[in-house]
Amino acid sequence: MVGWGAAPSGQGRKPAPRAQQVAASEPLREPPTLKNLSSVPGIVEVNLTAAPARLQLVPGGPRVSVWAYNGSIPGPTLDVHEGDSVIVHFRNELPEMTTVHWHGLHVPNDMDGSPLNPVPPGGSYTYTFRISPGSAGTYWYHPHPDRRTTYQVAMGLYGGLIIRSAHDPLAERGIPERLLILTDNRFNPDGSIAFPDSQSIQAEIDLENGREGNVLFVNGQVAPTIPIRPGEVQRWRIVNASAARVYRMAIPGQSMIHVGSDGGLFEHPREVKELLLADAGRVEVLVRGEEPAGRTVALEDLPYDRYMPQTRPVDWDSTRTVLWLSETAGPPAPRVETPSELRPVPPTDTTHVANRRVIVMSQGLIDQKRMDLNRVDIRARLGTTEIWEVQNVVGMDHPFHVHGLQFQVLDRDGKPEPYRSWKDLVNVPKHSSVRIVLRFADYPGKWMYHCHILDHEDAGMMGILELTR
Ligand code: C2O
Ligand code: CU
Ligand code: CU
C-alpha cells in the first residue's frame, strides 16, 4: 500500500494566479476514439486521413489553417488490446509526403512509418500489425517524414494510442482513467500558427532549443479543468507530444503515484512529488482528490533548465499552469486501495551481451554524423542483447529514442536506476550519460534511433540500426 503524504508547501515557488483563469476554464475533453469498422473479435480496422482543415486552436480565436488526422486535433485515439490485429487504412491528403509512425510499438519494419517508407501526397498505405503481448501502455502516433516532422506536428498531426491488457490491476479496481496529450504551440497576431522565417534569429534559436510555444495545450484545450471528488483516485495517461518542451509536473501540496512509463506499468507504484516528462515520453500517474472539497489546484509545469545558456528563453524559470484540478463538493468517493503489485517487469538478461556500444550525442550530431537515409550506422543481429552507453557531451538535454522496441535503463552516470521499466525514450541531461539494455527480439530491417527534439531529428540527429537474422 502506498501512502498519499502531503508534499511540502511549494517554497520559493511563484504563486500561480487562480480565480479568474479557473472561471474561464472548460472541463477537459478526451479526443475521439478511432471507430473500429470490423466486428470480428481481435481485429481493429480503422480509417485515418491526414488532411488540411480549419479549426479554432486558441479559445476565442479564429479558425485557422491546420493539418489534422480525421479533422481533429489531437487526432483520434487508437484504442486496442494486446493481441489485436490492427489494420489502418491511411490516406495522405496533404500537399507533401508524410508517414504515420506508431511511436513505441514493436511492429514489422515496413509498418513503422519511418522516413524510409514515405506516403506521397494523394497516396495511401495500409498499416497492418499485431499488438504484442505484454505491451499494454500509453503510446502515440505522429508523422515522421524526412526533415518535415517538426512542421507537420506543429500543424496538428499527432494522436494518442492506448494498448490495454486483459489483466490491468488498476482497471480491475474500477479506477477511472483519462488520456492527457500535452503540446505547445506558437501563434501569429491573426491567430494562425507561427513559423519562423528560415533566415531569422528565431529559426536559429528553434534549431538549437527545438520549437517551443508559449501556449500550452492539453488535448487541444488551454488549461482545462478536471473535476475530482474528495478521495477519488484517477489514473492519468500523459503523453508529451510537444516538439521540445520538457514538463516538470507537480501539484503543489500533494503527491502523485507514478505507476507507469513509456511501455506501461511498473512492478510497483512510486509516490512522487514531481515528474519529469521529456518530449515524446509518457507517464501514468494516480492522482487523488484531497480534502477539503471545493478548492482548485493547478497541475503545474515547473522550471526545468534543459537549455544552452546562450539560447535559454528569458522566461524559462516561470511556472506554468497545465490544467486545473477542481475538487468538487459532494460525498467523498469510496476508498480505493492502490495495489502494491502492478505487473511483472522482468529484467533483461545481460549474461550474454553481444555488443557494448558508446553513442555520442553532440549538438545536432550522433557519433559526429548527420543522418543519411542511404547509410547504416549500426548493424546488429536479431536474437541478441546489447548495452548502449548514450553520452551527451554538450550543454543541453537530448531525449534519446529507439524505434521498434522497448529497452530498460541500467544506470545514469553510473548510478543504478532505482526501479525497472520499459522505455523507448530516455532524456539524457546535459553532460551526462545513460546506459540502456536492448534486446533485439524480432523484425529485421532498418530502424531509426534519434534525438526526439523534432528540430534536431529533422536536422539529422538520427542514425540507422539495421537488424538482420
Ligand atoms: Cu516518435 Cu522516430 O519517433
Ligand atoms: Cu519512434
Ligand atoms: Cu537533440
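Predicted, not measured: the structure shown is a model, and the values here were computed from it. (Residues numbered from 1 in each chain as written. Chains lettered and ligands numbered in written order. Predicted model: local features only at pLDDT ≥ 70, side-chain atom pairs only at ≥ 80, totals over all residues. Heavy atoms only, no water.)

So, the sheet that holds strand 7 (residues 137–142)
Next up, step 1: Here we have 4 strands laid out as an open sheet, ordered 3-8-7-5, and mixed in their pairing. Edge positions in the open sheet fall to strand 3 (75–81) and strand 5 (101–103), since each of these has one partner strand only. For this sheet the average axis-to-axis angle between neighbouring strands, irrespective of direction, equals 25°.
Next up, step 2: Relative to strand 8 (residues 159–164), strand 3 is paired through 5 bridges, and the arrangement is parallel. Within the sheet, the bridge partner assigned to Val80 lies in strand 8 and is Ile163. (Pairing = 2+ DSSP bridges. Helix = DSSP H or I, 4+ residues; strand = E, 2+ residues; numbered from the N terminus. Axes fitted to C-alpha atoms, helices over the stretch in contact; angles between N-to-C directions.)

A closer look at the coordination of the copper ion (ligand 2)
Next up, step 1: At the metal site, the copper ion (ligand 2) is ligated by His101 (NE2) and His401 (NE2), and these contacts range over 1.9 Å. Linking His101 in strand 5 with His401 in strand 24 (residues 398–402), this pair joins segments that are 300 residues apart in sequence. No difference in accessibility class separates His101 from His401, as the two residues are buried. (Donors = N, O, S within 2.8 Å, 3.2 Å for Na, K, Ca; no water. Buried < 20%, exposed > 50% of the residue type's maximum accessible area, 1.4 Å probe, protein only.)

Describing the environment of Gly113
Next up, step 1: Inspection of the secondary structure assignment puts Gly113 in the loop between strand 5 and strand 6 (124–130).
Next up, step 2: The exposure class of Gly113 is buried, given its relative accessible area of 0%.
Next up, step 3: Sequence spacing of Gly113 and Pro292 is 179 residues, and the spatial spacing of their C-alpha atoms is 48 Å.
Next up, step 4: Excluding its chain neighbours within four sequence positions, the residues that come into contact with Gly113 are Thr99, Val100, His101, Tyr127 and His144. (Contact = heavy atoms within 4.5 Å.)

Looking at the coordination of the copper ion (ligand 3)
A four-donor tetrahedral metal ideally has 109.5 degree angles, and a six-donor octahedral metal ideally has angles of 90 or 180 degrees.
Next up, step 1: Those donors, His398 (ND1), Cys451 (SG) and His456 (ND1), are the protein atoms that reach the copper ion (ligand 3), and they lie 2.0 to 2.1 Å from it.
Next up, step 2: Ordering the donors of the copper ion (ligand 3) by residue number gives the pattern H-x52-C-x4-H. One end of the pair, His398, is in strand 24; the other, His456, is in helix 5 (residues 454–458), with 58 residues separating them in the sequence. Each of the two residues, His398 as well as His456, counts as buried.

Description of the environment of Phe440
Next up, step 1: Note on placement: Phe440 falls in strand 28 (residues 432–440).
Next up, step 2: Take Phe440: its relative accessible area is 1%, and that puts it in the buried class.
Next up, step 3: A C-alpha to C-alpha distance of 5.1 Å links Phe440 and Leu382, two positions 58 residues apart in sequence.
Next up, step 4: The contact partners of Phe440, leaving out residues within four places of it in the chain, are Ala380, Arg381, Leu382, Gly383, Thr384, Glu386, Trp388, Leu405, Leu465 and Leu467.

Thoughts on the confidence of the model for the protein
Next up, step 1: Model confidence for the protein is summarised by a mean pLDDT of 94, while 95% of its residues fall at 70 or above.
Next up, step 2: Scored below 50 in pLDDT, residues 5–20 makes 22 contacts in the model with residues more than four places away or belonging to other chains. (pLDDT = per-residue confidence, 0-100.)

Examining the domain arrangement of the protein
Next up, step 1: What the domain assignment reports for the protein is domain 1 (43–166), domain 2 (173–327) and domain 3 (355–468).
Next up, step 2: In this structure, domain 2 and domain 3 have C-alpha centres spaced 24 Å apart.
Next up, step 3: Taken together, the 26 residues of domain 2 in the interface contact 23 residues of domain 3.
Next up, step 4: When the area that domain 2 buries against domain 3 is broken down by residue, the three leading residues are Asp262, Arg306 and Met308, summing to 22%.
Next up, step 5: Salt-bridge contacts for Asp424 lead to Arg282; the nearest nitrogen and oxygen are separated by 2.6 Å.
Next up, step 6: Where domain 2 meets domain 3, there are 17 residue pairs in polar contact (both at pLDDT 80 or more).
Next up, step 7: Looking at side-chain class alone, the side of domain 2 that touches domain 3 contains 10 nonpolar, 6 polar and 10 charged residues. (Domains from an automatic or database assignment. Buried area = accessible area lost by both parts, 1.4 Å probe. Salt bridge = Lys/Arg side-chain N within 4 Å of Asp/Glu carboxyl O. Polar contact = N/O pair within 3.5 Å; in protein donor to acceptor, adjacent residues only side chain to side chain. Nonpolar A, V, L, I, M, F, W, Y, C, P; charged D, E, K, R; others polar.)

Regarding the pairing of strand 23 (residues 384–392)
Next up, step 1: The buried fraction of strand 23 is high, at 7 of 9 residues.
Next up, step 2: Taken together, the 7 bridges between strand 20 (residues 355–362) and strand 23 define a ladder with parallel strand orientation. Each residue of the ladder has a partner; that of Asn355, found in strand 23, is Glu386.
Next up, step 3: Looking at chain direction, strand 23 and strand 28 are connected through 9 bridges and run antiparallel. Residue Gln391 lies in a different strand from strand 28, and its bridge partner there is Ser433.

Some points on unusual backbone geometry
Next up, step 1: Note the cis peptide between Ile73 and Pro74, where omega equals -5°.
Next up, step 2: Looking at the secondary structure, you find Pro74 in the loop between strand 2 (63–69) and strand 3.
Next up, step 3: Even without being a glycine, Asn70 presents a positive backbone phi close to 50°.
Next up, step 4: Backbone geometry at Gln368 places phi at a positive 65°, although glycine is not the residue there.

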